[in-house]
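# Commentary on secondary and tertiary structure
One-letter residues, chain by chain:
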Amino acid sequence: MSLLSSALREYIQDRSAVKVLATLDGNDAPYAVVSPFLQLDEQGHLVHLELLEKSVTNRNLLRSLWFDRKISVSVGSYVIKGSPVKAHISGPVFRRYYEQVRCVLDDADLSCVWLIEPEEVVDETYATRKQQEEEQFPFSVHLDRLTN
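A brief report on the enclosed structure follows. (Residues numbered from 1 in each chain as written. Predicted model: local features only at pLDDT ≥ 70, side-chain atom pairs only at ≥ 80, totals over all residues. Heavy atoms only, no water.)

### Considering the pairing of strand β5 (residues 71-75)
Burial along β5 is one-sided: I71, V73 and V75 are buried, and none of S72 and S74, which face the opposite way, are. Across four bridges, strand β1 (residues 19-24) lies against β5 in antiparallel orientation. Its bridge partner being in β5, K19 is matched across the sheet by V75. Note that β5 and strand β6 (residues 78-88) share five bridges and pair antiparallel. By the bridge assignment, S72 is partnered in β6 with K81. Between β5 and β6, which pair antiparallel one after the other, the connecting turn spans two residues, and G76 there sits at a positive phi close to 60 degrees. (Buried < 20%, exposed > 50% of the residue type's maximum accessible area, 1.4 Å probe, protein only. Helix = DSSP H or I, 4+ residues; strand = E, 2+ residues; numbered from the N terminus. Pairing = 2+ DSSP bridges.)

Structure, rendered in C-alpha cells:
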C-alpha cells in the first residue's frame, strides 16, 4: 500500500517502537492504549492484537467496525488514521498471531486480531508542521522574531 512510506512501514514493524492506538468510546470520549504487538500484514493493513476479551479497546474497536467510526494510531511523529475492517477470532490468521503472542508472553491469551485499513497519514514532525503553518498563515509571526 503506497499510503505508508517504506520508512514508516519499517518503523511500524520495529518491535521496540512505541505504538499507540486511539479509539472512541460509546460517549465519543477518546481512549488511547499502547499497542505493543501492532504490525502490518502482507496487504498493508495495520494489525492490532487484542489480548483481553472484555477490554475497553476491544469494545471500542467493535463499535468502530459496526458504526464505521475512525481510529488513529500514533507511531513516533506520525499519526495514521483508519478504520477497522475485520476482526479474526478463529481460523488460520488468528492461529498465526496467537502463536506469535505466545512466543513473547507464554501465558497470554489472544482475544481478537483486528485489521485496520490506513486511510490517511499525518506527519507531525516539528519541521513539517512548521513549514505547513508558515505556508498556511504567512502573516502569523511572533513579534519578537520580527526584530531579529
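### Description of the packing of aromatic side chains
Taken as a whole and assessed by the stated rule, the structure comprises two aromatic pairs. Judged by centre distance (6.4 Å) and plane angle (85 degrees), the ring pair of W66 and F67 falls under edge-to-face. Given the relative accessible area of 60%, W66 is considered exposed. With a centroid separation of 6.2 Å and 10 degrees between ring planes, the pair formed by F94 and Y98 is classed as stacked. With F94 and Y98 both in helix α3 (residues 91-104), this residue pair falls four residues apart, about one helical turn. (Phe/Tyr/Trp six-rings, centres within 6.5 Å; stacked < 30°, edge-to-face > 60°.)

### A word on the sheet that holds β6
Sheet strands associate in pairs through backbone hydrogen bonding, adopting either a parallel or an antiparallel arrangement. Judged by pairing direction, the sheet is antiparallel, and its seven strands sit side by side in the order β2-β1-β5-β6-β7-β4-β3 without closing on themselves. The sheet terminates laterally at β2 (30-34) and β3 (39-40), the two strands that pair on one side only. Where strand β4 (residues 46-50) meets strand β7 (residues 112-123), five bridges bridge the pair, whose relative direction is antiparallel. Bridged to L46 within β7 is I116.

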